[in-house]
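# Topology and contacts: notes
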There are 2 protein chains.
Amino acid sequence: MRVEIIAVGTELLLGEIANTDAQDVSAGLAELGFSTLYHTVVGDNPDRLRSVLACALERADILITTGGLGPTYDDLTKEICAEAFGLPLELHQPSLDRIVARFAAMERPMTPNNEKQAWLPRGCTVFPNDWGTAPGCAIERGGKYLLMLPGPPRECRPMFRHCAMPYLAALSGSAIHSDWIRLFGIGESAMEDRLRPLMESSVNPSLAPYAKEGECLVRVTSRAASDAEAAAQNAPYVRAVCDLLSDFVYGVNVSSLEQVAVARLRETGRTLACAESCTGGLLAKRITDVPGASAVFLGSAVTYANSAKTRLLGVSPDTLAAHGAVSAETASEMAAGARSLYGSDYALATTGIAGPASDNTAKPVGLVYIALATPDGVTVREHHFTGDRARIRHAAASNALDMLRRALI
Amino acid sequence: MRVEIIAVGTELLLGEIANTDAQDVSAGLAELGFSTLYHTVVGDNPDRLRSVLACALERADILITTGGLGPTYDDLTKEICAEAFGLPLELHQPSLDRIVARFAAMERPMTPNNEKQAWLPRGCTVFPNDWGTAPGCAIERGGKYLLMLPGPPRECRPMFRHCAMPYLAALSGSAIHSDWIRLFGIGESAMEDRLRPLMESSVNPSLAPYAKEGECLVRVTSRAASDAEAAAQNAPYVRAVCDLLSDFVYGVNVSSLEQVAVARLRETGRTLACAESCTGGLLAKRITDVPGASAVFLGSAVTYANSAKTRLLGVSPDTLAAHGAVSAETASEMAAGARSLYGSDYALATTGIAGPASDNTAKPVGLVYIALATPDGVTVREHHFTGDRARIRHAAASNALDMLRRALI
């Protein structure tokens, strides 16, 4: 079925925020096998919203709106959409009860305009809002479907996943199950080359490759009568993808390299410290983005100045003089120094030139050394990254995490 | 004049990326005083793009497309747009020369399909691409304007700023100058309250307030015959805004708190070190995001474990036992310890509970202590932040940077 996503909100037209709701909803629709043909953004303006809806009803079977469900006078999505489908709004008591309870729980007074959010189109399917106040809903007429979701991404995303996706899957008479296989260290085209025979021979599940921030991922999506059946249908394909790309797979249904690295440390009961020059705290930041990292992560010595490399980590001034701060020798001494400074089992060190300028030596921007100290000794790798400062730093941190993860297998 | 932004690219409809081009272009149009009425996203499909263009020509005066200018067969924006305006494509030799030179500079072979990018609509205004290969362009017919920009954000954003904005300003027969005033430590509604009289009494320049990631900013935009005149017209209003909000303004036309903090350190010839617990490297990461930070930033001791706080920073085990890691006393000893460990003039320390869980004490998630050690002693502040882990960590780092900045005034 053809889908159009309509975002309602003047803040989008002023460039105050990006339309991430359309991205989130589109990604979910792709998993379900629906074709999103258009995104439209319109302001909080009744006439223009009416004409956008009329146009969308011509060219799509399913309309999904985001935004405009709130309590204020310029929140008018529900009113205009119900009118387009010829439905009156009615007070939906369970939704009102939820809103009242939510305000009570937050110990904030509920102003009368909040009741507006509980008025919903007659006969709609209600999507309860566990993440905010305004409920969403779905209406149908003459084979056309219209789903309304709230605008704030932290409400839109979970309501779409938990309420709208099952509703849409039911429309297509089936359940959907997706698994995500995450890879590091392989490029997008090399990944696609290896996967092509499997991708071409498989329709259900479908296999979709993605590339993002220096990593790759593969989505495997099955459609079946129940979620359990769809999951079972996925399983052999997930195994096949993992076998084909075994050198690069770091996890199935995990969220990041740092999450996997922290989990491996916890499983093996090992601790980690870091010594960072070019990543300047980014490596520690990514590790401590993971809740619970404190169980295994002792800390990181960010040593930007050479004096700090010597004072904190015991890097020899002779090494710095002979090889420079950006060298395999310095990286190696940094890792060993961090391991002994923090008393950790493992230590990662980074030193390199993130740019935009070089360090007054002949060394090129993008040259990065990454060292890993373990109870058995120190290993160093030389890398040449491309891109701007942010990209080089991100690549350095990702490669450090991957080096640790591999050592923990 | 009414504007519609049309993004062309199937990757947007699959949810692989968000439409940040539309956000960037919309923000610039708001500065210019143009009204963006619609955003549309359509895939790489000739018939659907044709119908989207036809619809946009009905409801807008200026169409701005992003994407679809590249070398491959599915890049068809230029072909379809030129057709809609009844213009043939012609080889634009200066653009071809640029593309050839670019490939030569990158030492990469230029495949024949790249020539396609140098074919432009007859009589168009060319926007040279200094950030990639595909040039943009503008065409006009019967009072309707169509501007085409490349899709990759790192090309779209600068081409819009440097080529399209001056073209659009000229359409309105005037030059535009914007100044940005950045504030920290005041909420959006308090800022608007103070600014309202000035905002309401001023039409040219216009004043627009924004809130983003815990900070506020005010845009002051003048329209005049030349950029110099517009800038002069802005100046007294910029001063007035700074006077009204003097407690909170940290810079005019600067990019971030970290940029200002690093600049102040450079101006005063002082050095900085950090000691981070709850920010876990984020504070150092933000400081080292600023190119040239190495001149003043010595490093950061990320001490997640209590043992590391003692080993690296000399925090007394008695202090940790009596007051806990999240306390004013520990923050204070961390800052003093970092200052002496790195031998820096200033040192910032953070310790707090970023969540999602508390630290097995009665202390609430969001409680953060920030300490600043200077040659004159140590100051500590207690904060109570709300939101999730990422937001609490970001707020802690921002407040630390602001504390340093104020101390350096």
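Residues numbered from 1 in each chain as written. Chains lettered and ligands numbered in written order. Predicted model: local features only at pLDDT ≥ 70, side-chain atom pairs only at ≥ 80, totals over all residues. Heavy atoms only, no water.

## With respect to the relation of the copies chain B and chain A
The operation linking the two copies of the chain is a rotation about an axis combined with a translation along the axis. With an RMSD of 0.2 Å, the fit of chain B onto chain A corresponds to turning through 180° and sliding 0.2 Å along the axis. Taken together, these values place the two copies in the relation of a two-fold axis. (Least-squares fit on C-alpha atoms with pLDDT ≥ 70 in both.)

## With respect to the interface of chain B and chain A
At the interface, 56 residues of chain B touch 56 residues of chain A. Both faces considered, chain B and chain A share a buried interface measuring about 4400 Å² in area, 57% of it formed by carbon and sulfur atoms. If you sort the residues of chain B by the area they bury against chain A, L13, H39 and Y304 of chain B come out on top, with a joint share of 13%. The shortest N-O distance in the salt bridge between D289 of chain B and R393 of chain A comes to 3.0 Å. For the pair chain B and chain A, the interface holds 34 residue pairs in polar contact (both at pLDDT 80 or more). Tallied by class, residues from the side of chain B that touches chain A come to 29 nonpolar, 19 polar and eight charged. As defined by bridge partners, strand β2 (residues 35-42) of chain A adjoins strand β2 (residues 35-42) of chain B across five bridges and the pair is classed as antiparallel. Note that in β2 of chain B the partner of V41 of chain A across the bridge is H39 of chain B. (Contact = heavy atoms within 4.5 Å. Buried area = accessible area lost by both parts, 1.4 Å probe. Salt bridge = Lys/Arg side-chain N within 4 Å of Asp/Glu carboxyl O. Polar contact = N/O pair within 3.5 Å; in protein donor to acceptor, adjacent residues only side chain to side chain. Nonpolar A, V, L, I, M, F, W, Y, C, P; charged D, E, K, R; others polar. Pairing = 2+ DSSP bridges. Helix = DSSP H or I, 4+ residues; strand = E, 2+ residues; numbered from the N terminus.)

## Some thoughts on the sheet that holds strand β11 (residues 215-224) of chain B
Where strands meet in a sheet, backbone hydrogen bonds hold them as pairs that are either parallel or antiparallel. All names here are of chain B. Here four strands make up an open sheet; going across it, the order is β10-β11-β9-β12 and the pairing antiparallel. Single-partner strands in this sheet number two, and they are β10 (206-212) and β12 (249-252). Across this sheet, the average inter-strand angle for adjacent strands is 20°, counted without regard to direction. Bridge analysis of strand β9 (residues 175-184) against β11 gives 10 bridges, and the strand direction is antiparallel. Considered in β11, the bridge of L183 is made with C216. Lying on the sheet, helix α8 (residues 227-244) is in contact with β9, β10, β11 and β12; it crosses β9 at an angle near 20°. (Axes fitted to C-alpha atoms, helices over the stretch in contact; angles between N-to-C directions.)

## Things to note about the packing of helix α7 (residues 188-201) of chain A against helix α8 (residues 227-244) of chain A
Residues and elements named next belong to chain A. Where α7 contacts α8, the two axes come as close as 10 Å, and the packing angle between them is 155°. It follows from the interaxial angle that α7 and α8 lie roughly antiparallel. Both α7 and α8 take part in a crossing whose hand is right-handed. Contacts between α7 and α8 involve R194, L195 and L198 from the former and Y237, A240, V241 and L244 from the latter. A per-class count over the contact of α7 with α8 returns six nonpolar, no polar and one charged. (Parallel < 35°, antiparallel > 145°, perpendicular 65-115°, else oblique. Left-handed = near helix turned anticlockwise from the far one by under 90°.)

## Examining the packing of aromatic side chains
Residue and element names in this part refer to chain A. With the rule as written, the count across this model stands at six aromatic pairs over all chains. With 5.9 Å between their ring centres and 40° between their planes, W180 and Y210 make a pair best called tilted. Of the two residues, W180 is situated in strand β9 (residues 175-184) and Y210 in strand β10 (residues 206-212); the sequence distance between them amounts to 30 residues. In this arrangement the basic side chain of R59 is found over the ring face of Y38, its NZ or CZ atom lying 3.8 Å from the centre. (Phe/Tyr/Trp six-rings, centres within 6.5 Å; stacked < 30°, edge-to-face > 60°. Lys NZ or Arg CZ within 6 Å of the ring centre and 35° of its normal.)

## Points about the nonpolar core
By size, the foremost hydrophobic cluster in this structure holds 71 residues, and its most contacted members are L272, I287, F297 and L404 of chain A together with L272, I287 and L404 of chain B. If we ignore the near neighbours within four places in the chain, the residues touching L272 of chain A are L265, I287, V296, F297, L298, G299, S344, Y346, A347, L348 and L404 of chain A. With 50 residues, the next largest nonpolar core counts L313, M334, A338 and I353 of chain B among its residues. (Core = buried A, V, L, I, M, F, W, Y, C linked by side-chain atoms within 4.5 Å. Buried < 20%, exposed > 50% of the residue type's maximum accessible area, 1.4 Å probe, protein only.)

## Observations regarding the pattern of salt bridges
One pass over the full model with this rule turns up 32 salt bridges over all chains. The partner of D24 of chain A in a salt bridge is R157 of chain A, and the shortest N-O contact between them spans 2.9 Å. With D24 of chain A in helix α2 (residues 20-32) and R157 of chain A in helix α6 (residues 153-171), this residue pair connects regions lying 133 residues apart in the sequence. Residue classification places D24 of chain A among the buried residues on the basis of a relative accessible area of 19%. Given the relative accessible area of 41%, R157 of chain A is considered partly exposed. In this structure, K116 of chain B engages E79 of chain B in a salt bridge whose closest nitrogen and oxygen atoms are separated by 3.6 Å. Of the two residues, K116 of chain B sits in the loop between α5 (93-106) and β5 (119-121) while E79 of chain B sits in helix α4 (residues 77-84), which places them 37 residues apart along the sequence. Because the salt bridges share partners, they merge into one network encompassing D47, R50 and E83 of chain A.

## Observations regarding the confidence of the model for chain A
Here chain A averages 94 in pLDDT, while 100% of its residues score no lower than 70. With pTM at 0.85, the complex prediction returns an ipTM value of 0.83. (pLDDT = per-residue confidence, 0-100.)

## Looking at the packing of helix α11 (residues 306-313) of chain B against helix α13 (residues 328-342) of chain B
Think of two packed helices as two axes; the pair is described by the angle between the axes and how far apart they sit. Residues and elements named next belong to chain B. α13 packs onto α11 with a crossing angle of 40° between their chain directions and a minimal axis gap of 9 Å. Taken together, the axes of α11 and α13 are oblique relative to one another. Seen from above, α11 lies across α13 with left-handed handedness. Across the interface between the two elements, K309, L312 and L313 from α11 touch T330, E333, M334, G337, A338 and L341 from α13.

## Concerning the sheet that holds strand β14 (residues 297-303) of chain B
A sheet is described by the order of its strands in space; here 10 strands give the open sequence β17(A)-β16(A)-β15(A)-β13(A)-β14(A)-β14(B)-β13(B)-β15(B)-β16(B)-β17(B), paired in mixed fashion. Of all strands in the sheet, those bounded by a partner on one side alone are β17 (377-384) of chain A together with β17 (377-384) of chain B. Going from strand to strand, the sheet's axes swing by 15° on average, the running direction of each strand aside. When strand β13 (residues 272-276) of chain B meets β14 of chain B, the two strands line up parallel, connected through five bridges.

## Thoughts on α5 of chain B
Residues and elements named next belong to chain B. Here α5 is 14 residues long and its end C-alpha atoms lie 20 Å apart, about the 20 Å a rise of 1.5 Å per residue gives. Three or more residues of α5 are buried, namely S95, L96, I99 and F103. When α5 is viewed along its axis, its buried side chains cluster within an angular range of 105° and face the same direction. For α5, the exposed residues lying more than 90 degrees away from the buried face are A104 and A105. On its buried face, α5 is in contact with β4 (89-91), β5 and β6 (125-127). (Expected span 1.5 Å × (residues − 1). Arc of directions from axis to C-beta.)

## Considering unusual backbone geometry
For the peptide bond that leads from N204 of chain A to P205 of chain A, omega is 10°, which places it in the cis range. Among the secondary structure elements, P205 of chain A is positioned in the loop between α7 and β10. The phi dihedral of E213 of chain A is positive, around 45°, even though this residue is not glycine. Here E213 of chain A is to be found in the loop between β10 and β11 (215-224). We classify E213 of chain A as exposed; its relative accessible area is 59%. The backbone of N253 of chain B sits at a positive phi, close to 55°, despite the residue not being glycine. Note on placement: N253 of chain B falls in the loop between β12 and α9 (257-268).

## Quick notes on the pairing of strand β7 (residues 136-141) of chain A
Residues and elements named next belong to chain A. Two strands pair when backbone bridges link them, and strand β6 (residues 125-127) and β7 are joined in this way by three bridges, in the antiparallel orientation. Bridging across to β7, F127 finds its partner in G136. Across five bridges, β7 lies against strand β8 (residues 144-149) in antiparallel orientation. Looking at the pairing, C137 lines up with M148 of β8.

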